[in-house]
Amino acid sequence: MMKIPYASVVGSLMYAMVCTRPDIGYAVGVVSRFMSNRGREHWAAVKWILRYQKGTSSMCLRFGLGKPLLEGFIDSDMSVDVGTNRSTSEYVMTYAGGPVSW
């Protein structure tokens, strides 16, 4: 695993995620946790992300036909986890009916 450019590839995926591919955000976040202690299964996950990118390269984010309006929707639940008393929240921002951040 020492000869595999894991950090370099994950860094490139992060750049793509920030600039053009928000759909891989979660997967890149997970594989980036293992920069210092990576294994073969982590490299397999990185290759899966690369194959996903190649397979979806012709797809794009489309805005809706609605008015050019920025809207935000938020949902939260206070202390939903009884064991830890942690809260959860989710959000989505849309522009002209298409999601731009979540």
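Everything below is about the structure printed above this text.
Below is a summary of the structure that appears in this document. Everything numeric here is computed off the predicted structure, so don't read it as measured data. Chains are numbered independently. Their residues run from 1 in the order of the written sequence. Only residues with pLDDT of 70 or above have their local features reported here, since the model is predicted, and side-chain atom pairs are shown and tallied only from 80 upward, although totals for entire chains, interfaces and linings are computed over all residues. Note that the side-chain values use all heavy atoms of the structure and ignore hydrogens as well as water.

What follows covers helix α3 (residues 40-55). Each helix is a run of DSSP H or I of at least 4 residues and each strand a run of E of at least 2, with the numbering of both proceeding from the N terminus. Multiplying 1.5 Å by the residue count of a helix minus one yields the expected span of that helix. Between its terminal C-alpha atoms α3 stretches 22 Å, which fits the 22 Å expected from 16 residues at 1.5 Å a residue. Three labels apply to residues, based on accessible area from a 1.4 Å probe with only protein chains included: buried if under 20% of the type maximum, exposed if over 50%, partly exposed otherwise in between. Looking at α3, one finds that the buried residues are His42, Trp43, Val46, Ile49 and Gln53. What you see down the axis of α3 is that its buried residues fit within an arc of 115°, all on one side. Residues of α3 that are exposed and angled more than 90 degrees away from the buried face: Arg40, Glu41, Arg51, Lys54 and Gly55. Turning to α3, the residues buried within the fold contact α1 (6-19) and α2 (25-32). By construction, the arc corresponds to the directions joining the helix axis to the C-beta atoms. Contacts are assigned to residue pairs with any non-hydrogen atoms lying within 4.5 Å of each other.

This is a description of form; function is not addressed.
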